[in-house]
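Descriptive structure summary
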Amino acid sequence: QVQLVESGGGLVQPGGSLRLSCAASAIIARPFIMAWYRQAPGNQRELVAEISSGGYTNYADSVKGRFTISRDNAKNTMYLQMNSLKPEDTAVYYCKAASFRRPAGYWGQGTQVTVSS
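Residues numbered from 1 in each chain as written. Predicted model: local features only at pLDDT ≥ 70, side-chain atom pairs only at ≥ 80, totals over all residues. Heavy atoms only, no water.

Moving on, we come to the nonpolar core. If you look at the biggest cluster of nonpolar residues, it comprises 29 residues, and the most contacted ones within it are W36, L80 and Y93. Secondary-structure elements contributing two or more residues to this core are strand 3 (18–24), strand 4 (33–39), strand 5 (46–52), strand 7 (67–72), strand 8 (77–82), strand 9 (91–98) and strand 11 (111–115). (Core = buried A, V, L, I, M, F, W, Y, C linked by side-chain atoms within 4.5 Å. Buried < 20%, exposed > 50% of the residue type's maximum accessible area, 1.4 Å probe, protein only. Helix = DSSP H or I, 4+ residues; strand = E, 2+ residues; numbered from the N terminus.)

Structure follows, in structure tokens:
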């Protein structure tokens, strides 16, 4: 069964914007942290941004000032607003949600973001 579903990826020109969404299943009880990771071909998966249930956020240095992470706890949904996109942002973006039941986290299947002129 699908636990997390990402959406909103696509092709965009440098300087453009995209908004990613991650919908979590109700079986993921009380996620204490949700996060966006990304992985480009040949690279390791890296943390992009994370947000706690209380709204505390953390960003990778490479995206600070350009990306904004948010969550709607009532909807079990997380968002990533991506502005001023650069070619180096091209990657598959993955959603992760960690709960008390599974502190190691659930993973989505990813959504492709391509930044190219």
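So that's the structure; there's more coming.
It is worth spelling out the pattern of salt bridges at this point. Close approach of charged atoms allows side chains of opposite charge to pair. Counting across every chain of the model gives four salt bridges. Among the ionic pairs, E46 bridges to R38, the shortest N-O distance being 2.8 Å. Taking the relative accessible area as the measure of exposure, E46 reaches 36% and is therefore partly exposed. Accessibility expressed as a relative area gives 5% for R38, which makes it buried. Close ionic contact of D89 with R66 constitutes a salt bridge, the shortest N to O distance being 2.8 Å. (Salt bridge = Lys/Arg side-chain N within 4 Å of Asp/Glu carboxyl O.)

A few words now on the environment of R45. As for its placement among the helices and strands, R45 is situated in the loop between strand 4 and strand 5. Considered as a pair, R45 and Y93 are 48 residues apart in the sequence and their alpha carbons are 9.2 Å apart. The contacts of R45, once residues within four sequence positions are left out, are Y37, R38, Q39, Y94 and W107. Polar contacts involving the side chain of R45 include one to the side chain of Q39, which spans 3.3 Å. (Contact = heavy atoms within 4.5 Å. Polar contact = N/O pair within 3.5 Å; in protein donor to acceptor, adjacent residues only side chain to side chain.)

Here we come to the pairing of strand 7. Side-chain alternation along strand 7 places F67, I69 and R71 on a buried face and T68, S70 and D72 on a face that remains uncovered. In this structure, strand 7 lies alongside strand 8, joined through six bridges in antiparallel fashion. Counted as the bridge partner of I69 is L80 from strand 8. Between strand 7 and strand 8, which pair antiparallel in sequence order, lie four residues; one of them, N76, sits at a positive phi of approximately 50°. (Pairing = 2+ DSSP bridges.)

Next up on the list: the packing of aromatic side chains. On inspection of all chains with the given rule, the structure shows one aromatic pair. Geometry around W107 places R45 over its ring, the cationic atom sitting 4.7 Å from the centre. (Phe/Tyr/Trp six-rings, centres within 6.5 Å; stacked < 30°, edge-to-face > 60°. Lys NZ or Arg CZ within 6 Å of the ring centre and 35° of its normal.)

Once that is clear, we can look at the state of the cysteines. Tallied over the entire structure, the rule returns one disulfide. The disulfide partner of C22 is C95, and the gap between their sulfur atoms is 1.9 Å. One disulfide, between C22 and C95, carries an S-S torsion of -75° and so falls in the left-handed class. Taken together, the residues span a long stretch of sequence, with C22 in strand 3 and C95 in strand 9 at a distance of 73 residues. (Disulfide = S-S within 2.5 Å.)

Now for the sheet that holds strand 3. Ordered by their spatial adjacency, four strands build an open sheet running 1-3-8-7, and the pairing between neighbours is antiparallel. For this open sheet the edge positions go to strand 1 (4–7) and strand 7, each flanked by a neighbour on one side alone. This sheet shows a mean twist of 15° between the axes of neighbouring strands, independent of strand direction. Summarising the sheet, strand 3 and strand 8 pair through six bridges and their orientation is antiparallel. Bridge assignment links L20 to a residue of strand 8, and that residue is L80. (Axes fitted to C-alpha atoms, helices over the stretch in contact; angles between N-to-C directions.)

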